[in-house]
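# Secondary and tertiary structure notes
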Amino acid sequence: TPLTIEDVRRMALEFNRTYLSAQEDVIKAETEITTARAGALPDITASSHYNRNLTLGSFFLNPEGAETIEFKTGFKNEFGASLSLRQSIWKGGKVFKALKIAKLYKAYAEQISQEVRASVIYNAELLFYQAILEQSNLQVLEKAFEANSYNLEMVEKSYSQGMVSEYEVLRAR
């Protein structure tokens, strides 16, 4: 299958591990930005519970001279829910510094990715053009071999008729 320079560039970027690793670093840097932003958002906690009491607890009072009084406590079904929101008002600039660092890291990772991309493309193009040059050199050598073979054939015919010396035959060989 004949390859074009665009195919070579695409394949080099698609299969080069260094470039793919640099792309993964850029994705990781984007997640670091999201993590840094999360520090500025409030923490929300929700919880709930349910208790089914088969028997209710009770306690007894026995006042002097009266009958014993039983008090039952609790409910057969008990539900509860809570929601809490906690927002830090001041963290000493940690959130903004973390966000700034994460953005710098992302810019750094993108620059590294671009540098690796340029290097991969350059090496792929270099190999592509070297292969074309070697193919052209092979064609030139094949044509030179054909020309020299034809020349040897002519010199041998001329030698058999006595028109050239043995030195010319040796030189042609």
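Residues numbered from 1 in each chain as written. Predicted model: local features only at pLDDT ≥ 70, side-chain atom pairs only at ≥ 80, totals over all residues. Heavy atoms only, no water.

The secondary structure content of the chain amounts to four helices and four strands. If you list the helices and strands of the chain from N to C, you get α-α-β-β-β-β-α-α. Computed over C-alpha atoms, the radius of gyration of the chain comes to 44 Å, more than 25% over the 16 Å expected from 2.2 N^0.38 for 173 residues, which places it beyond the range of a compact globule. Along the first, second and third principal axes, the C-alpha atoms of the chain reach 160 × 45 × 20 Å. Out of the 173 residues in the chain, the part that is buried amounts to 14%. By sequence separation, contacts in the chain at least 24 residues apart represent 65% of the contacts at least 6 residues apart. Total accessible area on the chain stands at roughly 14500 Å², and carbon and sulfur atoms take up 57% of it. Charge separation in the chain, taken as the distance between the mean sites of 20 positive and 22 negative side-chain charges, equals 9 Å. (Helix = DSSP H or I, 4+ residues; strand = E, 2+ residues; numbered from the N terminus. Rg over C-alpha atoms; globule rule 2.2 N^0.38 Å. Buried < 20%, exposed > 50% of the residue type's maximum accessible area, 1.4 Å probe, protein only. Contact = heavy atoms within 4.5 Å. Areas by Shrake-Rupley, 256 points an atom, 1.4 Å probe, with all protein chains shown as cover. Lys, Arg positive; Asp, Glu negative; His and termini not counted. Charge placed at Lys NZ, Arg CZ, Asp CG, Glu CD.)

Attention shifts here to the pairing of strand β4 (residues 77-86). Counted residue by residue, β4 has one buried out of 10 residues, so it is predominantly exposed. Two strands pair when backbone bridges link them, and strand β1 (residues 43-52) and β4 are joined in this way by 10 bridges, in the antiparallel orientation. Residue Ala46 lies in a different strand from β4, and its bridge partner there is Leu83. (Pairing = 2+ DSSP bridges.)

Membership of the largest hydrophobic core is limited to 10 residues, which are Ile5, Val8, Ala12, Leu13, Tyr19, Val116, Val120, Ile121, Ala124 and Phe128. Elements represented by at least two residues in this core include exactly α1 (5-15) and α3 (94-160). For this core, the element with the highest residue contribution is α3, accounting for five residues. Setting aside residues up to four positions removed in sequence, Val120 forms contacts with Ala12, Leu13, Asn16 and Tyr19. (Core = buried A, V, L, I, M, F, W, Y, C linked by side-chain atoms within 4.5 Å.)

Counted by the stated rule, this structure contains eight salt bridges. Across the salt bridge formed by Arg10 and Glu14, the nearest N and O atoms sit 3.2 Å from each other. Of this pair, Arg10 and Glu14 both sit in helix α1, four residues apart, which is roughly one turn of the helix. Under the relative-accessibility criterion, Glu14 is labelled partly exposed at 42%. (Salt bridge = Lys/Arg side-chain N within 4 Å of Asp/Glu carboxyl O.)

Axis separation between helix α2 (residues 17-38) and α3 bottoms out at 8 Å; the angle between their running directions is 165°. The orientation of α2 relative to α3 falls into the category roughly antiparallel. The interaxial crossing formed by α2 with α3 has left-handed handedness. Looking at side-chain class alone, the contact of α2 with α3 contains 14 nonpolar, three polar and nine charged residues. (Axes fitted to C-alpha atoms, helices over the stretch in contact; angles between N-to-C directions. Parallel < 35°, antiparallel > 145°, perpendicular 65-115°, else oblique. Left-handed = near helix turned anticlockwise from the far one by under 90°. Nonpolar A, V, L, I, M, F, W, Y, C, P; charged D, E, K, R; others polar.)

What follows deals with the packing of α1 against α3. α3 packs onto α1 with a crossing angle of 135° between their chain directions and a minimal axis gap of 9 Å. Accordingly, the angle class assigned to the pair α1 and α3 is oblique. In this structure, α1 crosses over α3, and the sense of that crossing is right-handed. Two secondary-structure elements touch here, α1 through Ile5, Val8, Arg9, Ala12 and Leu13 and α3 through Arg117, Val120, Ile121, Ala124, Glu125, Phe128 and Tyr129.

Turning our attention to the packing of aromatic side chains. Here the structure, examined in full by the defined rule, presents three aromatic pairs. Here the aromatic rings of Phe59 and Phe71 are separated by 5.3 Å at their centres, their planes lie at 25°, and the arrangement is stacked. Here the residue Phe59 occupies a position in strand β2 (residues 57-61), and Phe71 occupies one in strand β3 (residues 69-73), the gap between them amounting to 12 residues. Residue classification places Phe71 among the partly exposed residues on the basis of a relative accessible area of 36%. Between Phe128 and Tyr129, the aromatic rings sit 5.4 Å apart at their centres with planes inclined by 70°, giving edge-to-face as the arrangement. (Phe/Tyr/Trp six-rings, centres within 6.5 Å; stacked < 30°, edge-to-face > 60°.)

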